Amino acid sequence: MNIGKRYSLADYQVTINIPESLGFGVTSLTIGGDGDYLSSISISTENNLYEIAIDPAGNWLYNKNLARNGTIELNIQQVSDRVAQLKTLFNLFYKSQTQSEGLTITVADTEGNEVATCEDCVIANPPNQTFGETSETQSWSLLSGKITYSTN
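Below or above, wherever it landed, is the structure these notes cover. (Residues numbered from 1 in each chain as written. Predicted model: local features only at pLDDT ≥ 70, side-chain atom pairs only at ≥ 80, totals over all residues. Heavy atoms only, no water.)

**As for the state of the cysteines**
By definition, a disulfide links the sulfur atoms of two cysteines through a covalent bond.
So, step 1. Counting across every chain of the model gives 0 disulfides.
So, step 2. With no disulfide of its own, cysteine 118 has cysteine 121 as its nearest cysteine by sulfur position, at a separation of 5.2 Å.
So, step 3. We classify cysteine 121 as buried; its relative accessible area is 0%. (Disulfide = S-S within 2.5 Å. Buried < 20%, exposed > 50% of the residue type's maximum accessible area, 1.4 Å probe, protein only.)

**Brief notes about the side chain of serine 141**
So, step 1. Following the sequence through the fold, serine 141 ends up in strand E9 (residues 137-149).
So, step 2. Separated by 3.1 Å, the side chains of serine 141 and glutamate 73 make a polar contact.
So, step 3. The residues touching serine 141, leaving out its near neighbours within four places in the chain, are Thr71, Ile72, Glu73, Val122, Ile123, Ala124 and Asn125. (Helix = DSSP H or I, 4+ residues; strand = E, 2+ residues; numbered from the N terminus. Polar contact = N/O pair within 3.5 Å; in protein donor to acceptor, adjacent residues only side chain to side chain. Contact = heavy atoms within 4.5 Å.)

**Here we look at the packing of aromatic side chains**
So, step 1. With the rule as written, the count across this model stands at 3 aromatic pairs.
So, step 2. Measuring from ring centre to ring centre gives 6.0 Å for phenylalanine 90 and tyrosine 94, while their planes differ by 25°; the resulting arrangement is stacked. Of this pair, phenylalanine 90 and tyrosine 94 both sit in helix H1 (residues 81-95), separated by 4 residues, roughly a single helical turn.
So, step 3. You can call phenylalanine 90 buried: its relative accessible area is 18%.
So, step 4. We classify tyrosine 94 as exposed; its relative accessible area is 65%. (Phe/Tyr/Trp six-rings, centres within 6.5 Å; stacked < 30°, edge-to-face > 60°.)

See the structure below:
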């Protein structure tokens, strides 16, 4: 008997581990799961793993790039309490006079199966703060020095 797969965004969470040196007050922040205002999670690496180089004689060579930097995009409804917390994090990085260690971001399902770990992350820029007739989604972009995709 073939049983179909089931998917729900509510089954995924983003955990942001925050260095104590930032003075945020807590060492982690979880976004997502059932009842949260998370609309989507996107993780992407900046570079292709391989690029191809071809000479005029038709010979080719694959050049391997080991850089694993990239971007994490979190789309959150502006009514979420997490938006205020992300603004506070941004302001702490902005006001910091010293080079602070970055955030570690882990995306996992609610059973603890990791999808990806993103190391040495910073908030690229807060999204535009737009207020209209209805609540809007904000896209928070974070930069990562190293993204590792889990194999499970």
